[in-house]
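# Analysis of the macromolecular model
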Amino acid sequence: MVTTGIKGRREQTVTPEMSAARVGSGLVEVFATPMMISLIEQTCNESVLPYLDEGQGTVGTLVNVAHTAATPIGMRVWCESELVEVDRRKLVFKVKAFDECDLIGEGFHERFIIDTAKFFEKVSNKKAGASR
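Residues numbered from 1 in each chain as written. Predicted model: local features only at pLDDT ≥ 70, side-chain atom pairs only at ≥ 80, totals over all residues. Heavy atoms only, no water.

## Regarding the pattern of salt bridges
- Counted by the stated rule, this structure contains seven salt bridges.
- For Arg88, the salt bridge identified is with Asp87, shortest N-O distance 3.7 Å.
- Classification of Asp87 as partly exposed rests on a relative accessible area of 34%.
- Taken together, the salt bridges that share partners define one network made up of Arg9, Glu11, Arg76 and Glu80. (Salt bridge = Lys/Arg side-chain N within 4 Å of Asp/Glu carboxyl O. Buried < 20%, exposed > 50% of the residue type's maximum accessible area, 1.4 Å probe, protein only.)

## A short note on the sheet that holds strand β2 (residues 56-67)
- Taken in spatial order, the five strands of this open sheet run β1-β3-β4-β5-β2, and their pairing is antiparallel. In this open sheet, the two edge strands, each paired with only one partner strand, are β1 (7-13) and β2. For this sheet, the mean angle separating the axes of adjacent strands, direction not counted, is 25°.
- Where helix α2 (residues 33-48) meets the sheet, its contacts fall on β1, β2, β3 (76-87), β4 (90-99) and β5 (103-115), and the angle it forms with β2 comes to roughly 140°. (Pairing = 2+ DSSP bridges. Helix = DSSP H or I, 4+ residues; strand = E, 2+ residues; numbered from the N terminus. Axes fitted to C-alpha atoms, helices over the stretch in contact; angles between N-to-C directions. Contact = heavy atoms within 4.5 Å.)

See below:
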């Protein structure tokens, strides 16, 4: 059962492929904001997976974070998340991202619990409709 208070943590080392220059979000060789958001989403998703029913997953629907400090390539970064609100299928996480020196970002992330099979059925139907 998914309840408030579930915490998550995920860590990685910043590689050149994660830089703003490589992902197209800027011109500098530092940890890119889209990569920080990806780290946040992965952390939150993984934190609740053990509490979901079989056949369920989560999808991200809202990210409201500030990216407040730059991180050079080669430095470790991590995200810490806490599930602070559960409203039926909507999950709200408080998130913080760090590098070895600073808090580099913080805010909130929302995810929704989905029935994976139904979700992919809807996506497939959408794709079939668009190809007409």
